[in-house]
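Residues per chain are reported as follows:
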Amino acid sequence: MTTARTQRIAFGCIWAAAVLTLAVLALVVGLIMIRGLPSISWGFLSGSPENLGRDGGIFPTIVGTIVLGAVSLLIATPLGVGAAIYLTEYTHESLLTRAIRFGTESLAGVPSIIFGLFGFIFFVTYLQMGWSILAGGLTLALMVLPTIIRTTEEAIRTVPQSYRNVSYSLGATRWQMVTTAVLPSALPGIVTGVILAFGRAVSETAAVIFTAGTALNLPKSAFSPVRTMAVHFYILAVEGISLEKAYATGAVLIVTVLLINIIASSLITRLVRRQVRR
């Protein structure tokens, strides 16, 4: 078999895998949208659930989803970015860095139900936070932390070494080099990792049920229980309360994540253009 023929076969397999992936995505999203969009209205988006979710809207769950996702990112992003900066800029490859990376990869492979049980035992029970936004946000932060660390680390590694050398030649300290040369250049990749983390946080169910609860009321403080759209969708579908409302909730969740991705992508594009102009 010639090299050209081998390349054509490999290229065809890659294209087939890409098309298959897009087809599965289109099938899943299309099914949810087709069954969910007809049930979406302004009253559904702005109203509160009634009769265990059979009637009314999902406004409290929309608020709960955004608030819980935001809290988890506010906790995980500084820790994840800081850990990535430490691993790439302040240490050399050693037993410690290998142990940190191994721990990060192991943490990424832990099932979400285990995070939920840990959050329930430690945050809800031991620290007496109860089912609350804070307990759920801390648990989700632990879940998405490996994603932020790995994506940020890879984004920082793509920054050319010449950027660092130029900064040092101008008399910059290591911290000045990181903040003025490395992080601005790696920002698109960092934001991408944060978006992926947010997508996982807002779509989580098991860990949220154990830590944030399933309350249908609007949260009043960080110690209030809350129900996210993913949990609402799960409860409506599994308990057979209302498949119509479940599909509508799923459609709203998909649109919400899509809008956040579009907004973040547009911001990244603007940041990259500004850097190019400079």
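Up top you'll find the structure we're talking about.
Reference entry: report on the structure contained in this document. These figures come from a predicted structure and were not determined experimentally.

### Brief notes about the pattern of salt bridges
Part 1 of the reasoning: Applying the stated criterion across every chain yields a total of four salt bridges.
Part 2 of the reasoning: Of the charged contacts, one joins E89 and R164 as a salt bridge, the two residues approaching to 2.7 Å between their closest N and O atoms. Within this pair, whereas E89 is found in helix α3 (residues 59-90), its partner R164 is found in helix α7 (residues 161-169), the two being separated by 75 residues in sequence.
Part 3 of the reasoning: For E89, a relative accessible area of 7% translates into the label buried.
Part 4 of the reasoning: Note that E153 is salt-bridged to R157, the shortest N-O span being 3.1 Å. Of this pair, E153 and R157 both sit in helix α6 (residues 133-157), four residues apart, which is roughly one turn of that helix.

### So, the side chain of T152
Part 1 of the reasoning: By secondary structure assignment, the location of T152 is in helix α6.
Part 2 of the reasoning: A relative accessible area of 0% means that T152 is categorised as buried.
Part 3 of the reasoning: A polar atom in the side chain of T152 sits 2.7 Å from the backbone oxygen of I148.
Part 4 of the reasoning: Not counting residues up to four positions away in its chain, the partners in contact with T152 are V81, A84 and I190.

### Re unusual backbone geometry
Part 1 of the reasoning: Despite not being glycine, Q128 shows a phi value in the positive range, around 55°.
Part 2 of the reasoning: Mapped onto the elements, Q128 comes out in the loop between α5 (112-126) and α6.

### Points about the environment of V194
Part 1 of the reasoning: You can see V194 is positioned in helix α8 (residues 174-203).
Part 2 of the reasoning: By relative accessible area, which is 18% here, V194 ends up buried.
Part 3 of the reasoning: Residues V194 and L73, 121 residues apart in the sequence, show an inter-C-alpha distance of 7.4 Å.
Part 4 of the reasoning: When residues no more than four places from it in sequence are discounted, the contact partners of V194 are L73 and T77.

### Quick notes on the packing of aromatic side chains
Part 1 of the reasoning: Applying the stated criterion across every chain yields a total of seven aromatic pairs.
Part 2 of the reasoning: When the ring of F118 is compared with that of F123, the centres are 5.8 Å apart and the planes differ by 85°; the resulting orientation is edge-to-face.
Part 3 of the reasoning: Classification of F118 as partly exposed rests on a relative accessible area of 40%.
Part 4 of the reasoning: One aromatic cluster is present, built from ring pairs that chain together F118, F122, F123 and Y126.
Part 5 of the reasoning: Over the face of the ring belonging to Y90 we find R174, whose NZ or CZ atom lies 5.5 Å from the ring centre.

### Quick look at α5
Each α-helix turn comprises 3.6 residues. Residues three or four places apart therefore point the same way.
Part 1 of the reasoning: For α5, which comprises 15 residues, the first-to-last C-alpha distance of 20 Å matches the rise-based estimate of 21 Å (1.5 Å per residue) to within 8%.
Part 2 of the reasoning: Those residues of α5 not exposed but buried are F115, G116, G119, F123 and V124.
Part 3 of the reasoning: Structurally, α5 contributes buried residues whose contacts are with α4 (95-108), α6 and α9 (206-211).
Part 4 of the reasoning: Backbone geometry just after α5 places Q128 at a positive phi near 55°.

### So, the layout of surface pockets
Part 1 of the reasoning: Reported here for the largest pocket is a volume of approximately 300 Å³.
Part 2 of the reasoning: For the largest pocket, the lining is made up of 17 residues, of which T88, E89, Y90, T91 and H92 are closest to its centre.
Part 3 of the reasoning: Looking at the lining of the largest pocket element by element, the count peaks at four residues for α3.
Part 4 of the reasoning: Partitioning the lining of the largest pocket into residue classes produces six nonpolar, five polar and six charged.
Part 5 of the reasoning: Of the volumes computed, that of the second largest pocket is approximately 190 Å³.
Part 6 of the reasoning: Taken together, 10 residues make up the lining of the second largest pocket; nearest its centre are I195, I260, I263, A264 and L267.
Part 7 of the reasoning: When residues of the lining of the second largest pocket are traced back to their parent elements, those giving at least two are α8 and α11 (243-277).

### Some details on a nonpolar patch on the surface
Part 1 of the reasoning: A cluster of nonpolar residues, Y86, Y90, L96, I100 and W175, forms a patch on the protein surface that exposes about 490 Å² of accessible area.
Part 2 of the reasoning: Among the elements of the structure, α3 and α4 are those that each provide at least two residues to the nonpolar patch.
Part 3 of the reasoning: For L96, a relative accessible area of 48% puts it in the partly exposed group.

Analysis parameters
Residues numbered from 1 in each chain as written. Predicted model: local features only at pLDDT ≥ 70, side-chain atom pairs only at ≥ 80, totals over all residues. Heavy atoms only, no water. Salt bridge = Lys/Arg side-chain N within 4 Å of Asp/Glu carboxyl O. Helix = DSSP H or I, 4+ residues; strand = E, 2+ residues; numbered from the N terminus. Buried < 20%, exposed > 50% of the residue type's maximum accessible area, 1.4 Å probe, protein only. Polar contact = N/O pair within 3.5 Å; in protein donor to acceptor, adjacent residues only side chain to side chain. Contact = heavy atoms within 4.5 Å. Phe/Tyr/Trp six-rings, centres within 6.5 Å; stacked < 30°, edge-to-face > 60°. Lys NZ or Arg CZ within 6 Å of the ring centre and 35° of its normal. Expected span 1.5 Å × (residues − 1). 1 Å grid on protein atoms, 1.4 Å probe; cavity = no way out; pocket = protein on both sides within 12 Å on 5 of 7 lines; lining within 4 Å. Points joined across faces, edges and corners; volume = space filled by probe spheres on them. Nonpolar A, V, L, I, M, F, W, Y, C, P; charged D, E, K, R; others polar. Patch = residues over 30% accessible without salt bridge, like charges linked within 9 Å, V, L, I, M, F, W, Y side chains within 5 Å. Areas by Shrake-Rupley, 256 points an atom, 1.4 Å probe, with all protein chains shown as cover.

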